[in-house]
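Tertiary structure, described
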Amino acid sequence: MALPKVGSIGEYIREQRTHAKISLRQLAAAAGVSNPYLSQIERGLRKPSAEILNQIAKGLHISSQALYVQAGLIEEREPDSDVLAAIRADHLITERQRQVLIDIYESFRRENQVGAPDEEAQTSQNAPSAPEPQGGDANPLPEGYLAALKPYAAPVDSQNVTPESKEG
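A short tour of the structure in this document, coming up.

About the criteria used
The written sequence of each chain sets the order in which its residues are numbered from 1. Restriction of local features to residues with pLDDT of at least 70 applies here, the model being predicted, together with a cutoff of 80 or more for giving and counting side-chain atom pairs; totals for whole chains, interfaces and linings are based on all residues. Hydrogens and water are ignored here; the side-chain numbers use all heavy atoms of the structure. Whenever a carboxyl oxygen of Asp or Glu lies within 4 Å of a side-chain nitrogen of Lys or Arg, that contact is scored as a salt bridge. Elements are defined by DSSP. Helices are runs of H or I of four residues or more, strands are runs of E of two residues or more, and each kind is numbered from the N terminus. Relative accessibility decides the category of a residue: with a 1.4 Å probe and only protein chains considered, values under 20% of the type maximum give buried, values over 50% give exposed, and everything between is partly exposed. Whether two residues are in contact is decided by their heavy atoms, any of which lying within 4.5 Å being enough. Relevant arc is that of directions from the helix axis to the C-beta atoms, nothing else.

1. Here we look at the pattern of salt bridges
- Going through the model one piece at a time under the given rule, you end up with three salt bridges.
- Between Glu42 and Arg14 there is a salt bridge; the shortest N-O distance is 3.5 Å. Pair noted here: Glu42 is in helix α3 (residues 35-42) and Arg14 is in helix α1 (residues 9-19), with a separation of 28 residues, a long-range link.
- In this structure Arg14 comes out as partly exposed when scored by relative accessible area, which is 32%.

Right under this line is the structure:
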């Protein structure tokens, strides 16, 4: 959830206070700070500590994390997706394999965030179809992933293929 960008933490607190229809005095009492101090914070004359921000957040009934992000104490980050959690939880692959999978997955996500939806549709329509699996087994990967991985597949030189190498 992206927070609205405002000029300072004080402006953000004032905006939240007015939306909640709470007076400066009411918020000061709820947060356990003096009226003049809260007024100075709102006007940008004072920078509150994390503890004071936590008290103000409780008084406003909002997430203290929202205030910490706005104040620049922590960076806003998206929570891990289920895919990333699953990759990190899989202990049957090595740490290096986990990191490679995460890097590939995140690069796809970045690419899709930057690219327009029209580009994505054109890319999937123009992608070459994946080779049919040998032996009639259903392919466990979706076509989109196979098409994306095709440039990384080792080229097959049909003249140097032996029956032993075909069997795998």
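2. Regarding the side chain of Arg17
- Structurally, the position occupied by Arg17 is in helix α1.
- With residues near it in sequence (within four places) discarded, Arg17 still touches Ile22, Ser23, Leu24, Leu27, Glu42 and Leu60.

3. So, helix α2 (residues 24-31)
- Leu27, Ala28 and Ala31 are the residues of α2 that are buried. One face of α2 carries all of its buried residues, which in axial projection span an arc of 100°. Away from its buried face, by an angle of more than 90 degrees, α2 presents the exposed residues Arg25, Ala29 and Ala30.
- Where α2 is buried, its residues contact α1, α3 and α4 (50-60).
- Positioned one or two residues after α2, Gly32 has a phi angle of 75°, which is positive.

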